[in-house]
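# Coordinate analysis (summary)
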Amino acid sequence: MILDVIVEDKKKRLKEHKARTSEEEMKELALASERKSISFYETLAKPGLSIIGEFKKASPSMGKIEMTMELMDRIDEYNVSVDAISCLTEEDHFLGNTDYFKKIRNISPLPMIRKDFIIDPYQIYEAKVIGADCILLIAAILSDEQMAEYYKLATELGMDVLVEEMGRALKIQPKIIGVNNRNLKDFTISLENTKRLRPMVPEGTVFVSESGVTTNEHIAFLKECKVDALLIGGA
């Protein structure tokens, strides 16, 4: 299963990161950060449909993605058309990295989510250091104890958390829940995932539909599902 492969590769990358900057040093850098996070939750909770525009260089489903415009042009486009930015920092399967995240952070005033496969508190401290306003937690790769611990740590550092998926994620009562329309086992897409799971979302929770949004018809369908935000990547 591709998700298992990604997690195993992430464990190897974590060793490299920790060799460059120790766990204790990364924690100290995070705690010393004076940057005040922009509220990802409040940005998406406003009336109307919010858009999270994504930056990624590749994905297991699409392969390497050829950029159709320069980064600065894309940032200029996003700054006037989306509400928040998602940036992949996973190195092996999405060709992202923290330097790419920081480059975008330095040229955009929009709230940013670090999208990665977080399996260690180190990555949460690192997210704070690189200027993330929000992190992604994927329930499928975490235990209940890890989800609760990582959620608490991120919020204590002043960041929001988008928790993906439903079910077990509801145990920690997250403020933002995401439903991935892409099956992480075989990478097939179905927007029906959003429609099916919408009734489970507690009142006051921001609901984000992720992946597979490529047409106006998709947007109209998801709006009828009463989502608060769309995460749009490949399109």
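That block above? That's the structure.
Overview of the structure.

About the thresholds
- Residues numbered from 1 in each chain as written.
- Predicted model: local features only at pLDDT ≥ 70, side-chain atom pairs only at ≥ 80, totals over all residues.
- Heavy atoms only, no water.
- Salt bridge = Lys/Arg side-chain N within 4 Å of Asp/Glu carboxyl O.
- Buried < 20%, exposed > 50% of the residue type's maximum accessible area, 1.4 Å probe, protein only.
- Helix = DSSP H or I, 4+ residues; strand = E, 2+ residues; numbered from the N terminus.
- Pairing = 2+ DSSP bridges.
- Axes fitted to C-alpha atoms, helices over the stretch in contact; angles between N-to-C directions.
- Contact = heavy atoms within 4.5 Å.
- Right-handed = clockwise from strand over helix to strand, strands pointing away.

Per the stated rule, a full pass over the model turns up 20 salt bridges. Where K18 meets E23, a salt bridge forms, and the shortest distance between an N and an O atom there is 3.5 Å. We classify E23 as partly exposed; its relative accessible area is 47%. In this structure, R74 and E77 form a salt bridge, with 2.7 Å as the shortest nitrogen-oxygen distance. Residue R74 and its partner E77 are located together in helix α4 (residues 71-81), separated by three residues, close to a single helical turn. A relative accessible area of 22% places R74 in the partly exposed class. Among the charged side chains, a salt-bridge network with shared partners connects K10, E91, R114, D116 and E126.

Turning to the sheet that holds strand β10 (residues 229-232), a few remarks are in order. The strand order around the closed barrel built from eight strands is β1-β4-β5-β6-β7-β8-β9-β10, with neighbouring strands paired in parallel fashion. The sheet shows a mean angle of 25 degrees between the axes of neighbouring strands, taken without regard to direction. Sheet topology note: the strand β9 (residues 206-210)/β10 ladder contains three bridges and is parallel. Its bridge partner being in β10, V208 is matched across the sheet by A229. α4 rests against β1 (50-55) and β4 (84-88) of the sheet, and its axis sits at about 170 degrees to β1.

Along β9, five of the five residues are buried, which leaves the element largely enclosed by surrounding structure. Note: strand β8 (residues 176-180) against β9, five bridges, orientation parallel. The residue bridging G178 from the neighbouring strand is V208, located in β9. Each parallel crossover has a hand, and the one from β9 via helix α9 (residues 216-224) to β10 is right-handed.

Geometric values such as these leave the question of function open.
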